[in-house]
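Reading the structure
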Amino acid sequence: MMSTYTDQSAVTVLGLGPMGRALAGAFLDAGLRTTVWNRTPGRDGELVTRGAITAQSAEEAAAASELIVVCVVNYDAADAILRRDPVAAALKGRTVVNLSADTPDRARDTGEWAARHGIRYLDGAIMTPTTTIGTPDAVFLHSGPEELYRAHRPVLDALGGTHTHLGEDIGRAAAYDIALLDIFWTAMAGYAHALAIARAEGITGRELAPFAQGIGAILPPLFAEFAGDADDGTYSGELNPITSAVSTMAHVIQASEAHGIDAGVMRAAEGQARRVIGLGHGTDGYIRVTELLGRR
Ligand code: NDP
């Protein structure tokens, strides 16, 4: 079994965008010796006032702590920082926790690269906005070697919120992240579109918002119910068959196009529902679309 030495009093943060700054701020609040570095200088002003140490280079930052947290826009950016000789050499024997967002395959590729270079590696995803960091509302997902996760958990706890280790497959946190971002961005696309239709009908966003929040409140129990349906392959449409759902989707398309508003997102969703009906499943519930999408 791997033995993992950890210095739990120090941490390095590579990347000082809004999220990297929030992470570094939470580490400082927890009293950790926090070293920071960012590609573009000058993003560390407030952190330095609060006690952060600015490294002059990424390799100097990597050498400053046992645990290095990376939080940049994506893995192209993370690679540009990590996969250079002086930095990779400085990271040898240390632990990198990559909290940048990207795909599961990129996370697995980075995990393989880290193993080849003697770098201990955990991958993670942050599921909540910067304002939650350091508070009980923050949500972090992690994947990779469990012993490594346990060893660094005390430092990660300084970030507040809940931390969940999802398993040893290094891509698993990113896989959850992608699925959850799918929900978030299609919901946001729907909301942007709804606001545009409402405006075209003379309804302000503020007038619509309380009812939009009502729609949001319907979703959590439906998510739970449909998750079971998808896992079990049972798609009862007794209370709301897909033939009925598709009719209301068509209304959205008609009303929106009557105002010259692009209905592409709803057209795609309606098209998938119609294909399910065409396959003979019109009496099933909407979530049977999951089966259609999974067909090769
Ligand atoms: P961004 O996603 O805009 O990332 C900005 C950071 O990426 C900066 O440090 C920037 O450096 C760095 N960067 C970009 N390209 C490169 C490159 N080629 N080489 C080196 N560094 C680069 O801002 P955030 O801080 O908000 O997000 C960081 C990560 O956190 C992202 O993966 C995001 O998805 C995730 N996240 C963010 C949330 C949020 O609310 N902001 C919520 C949940 C997750 P420079 O200053 O030099 O441009």
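Everything here concerns the structure above.
Thresholds applied
Residues numbered from 1 in each chain as written. Predicted model: local features only at pLDDT ≥ 70, side-chain atom pairs only at ≥ 80, totals over all residues. Heavy atoms only, no water. Near = heavy atom within 4 Å. Polar contact = N/O pair within 3.5 Å; in protein donor to acceptor, adjacent residues only side chain to side chain. Areas by Shrake-Rupley, 256 points an atom, 1.4 Å probe, with all protein chains shown as cover. Helix = DSSP H or I, 4+ residues; strand = E, 2+ residues; numbered from the N terminus. Buried < 20%, exposed > 50% of the residue type's maximum accessible area, 1.4 Å probe, protein only. Contact = heavy atoms within 4.5 Å. Axes fitted to C-alpha atoms, helices over the stretch in contact; angles between N-to-C directions. Parallel < 35°, antiparallel > 145°, perpendicular 65-115°, else oblique. Left-handed = near helix turned anticlockwise from the far one by under 90°. Nonpolar A, V, L, I, M, F, W, Y, C, P; charged D, E, K, R; others polar. Pairing = 2+ DSSP bridges. Right-handed = clockwise from strand over helix to strand, strands pointing away.

A word on the site of the ligand. Near the ligand you find 21 residues, and of these Met-19, Asn-38, Thr-40, Arg-43 and Ala-101 are the closest. Between the ligand and Pro-18 there is a distance of 3.2 Å, counted from an oxygen atom to a backbone nitrogen or oxygen. The contact in question runs from an oxygen atom of the ligand to an N or O atom on the backbone of Val-73, over 3.1 Å. Taken by itself the ligand offers 880 Å² of open surface, and the protein chains cover 72% of this. Those elements giving two or more residues to the shell around the ligand turn out to be helix 1 (18–29) and helix 4 (75–82).

Looking at the element boundaries, Val-13 is found in strand 1 (residues 10–14). Here Val-13 falls in the buried class, since its relative accessible area comes to 0%. Distance from Val-13 to Trp-37, taken between C-alpha atoms, is 6.6 Å for residues 24 residues apart in sequence. Every residue in contact with Val-13, bar those within four places of it in the chain, is listed here: Gly-20, Ala-24, Phe-27, Thr-34, Thr-35, Val-36, Trp-37 and Val-69.

The next subject is the packing of helix 8 (residues 172–200) against helix 9 (residues 205–232). Interaxial distance between helix 8 and helix 9 falls to 11 Å at its minimum, and their mutual angle equals 150 degrees. Taken together, the axes of helix 8 and helix 9 are roughly antiparallel relative to one another. Handedness of the crossing formed by helix 8 with helix 9: right-handed. When helix 8 is examined against helix 9, the residues Ile-183, Tyr-191, Ala-194, Leu-195 and Ala-198 are found in contact with a partner set consisting of Gly-205, Leu-208, Ala-209, Ala-212 and Phe-223. Among the residues making up the contact of helix 8 with helix 9, the classes are represented as nine nonpolar, one polar and no charged.

Our focus in this paragraph is the sheet that holds strand 3 (residues 53–54). The eight strands are arranged 3-2-1-4-5-6-7-8 in an open sheet whose pairing can be described as mixed. Across the chains shown, the open sheet's two edge strands, defined by having one partner strand only, are strand 3 and strand 8 (162–165). Looking at chain direction, strand 7 (residues 139–143) and strand 8 are connected through four bridges and run parallel. Among the inter-strand pairings, Phe-140 is bridged to a residue of strand 8, identified as His-163. The strands touched by helix 4 within the sheet are strand 1, strand 2 (33–37), strand 4 (67–70), strand 5 (95–98) and strand 6 (120–126), with strand 5 carrying the most contacts at an inclination of about 160 degrees. Relative to strand 8, helix 7 (residues 146–156) is tilted by about 175 degrees, and along the sheet it contacts strand 1, strand 4, strand 5, strand 6, strand 7 and strand 8.

What follows is about the pairing of strand 1. Both faces of the sheet carry side chains from a regular strand, because those side chains alternate between them. Among the five residues in strand 1, five count as buried, and that is most of the element. Pairing geometry for strand 1 and strand 2, over five bridges, is parallel. Looking at the pairing, Ala-10 lines up with Arg-33 of strand 2. A crossover connection joins strand 1 to the parallel strand 2 through helix 1; in handedness this β-α-β unit is right-handed. Here strand 1 pairs with strand 4 via three bridges, running parallel. Across the sheet, the residue bridging to Thr-12 is Ile-68, located in strand 4.

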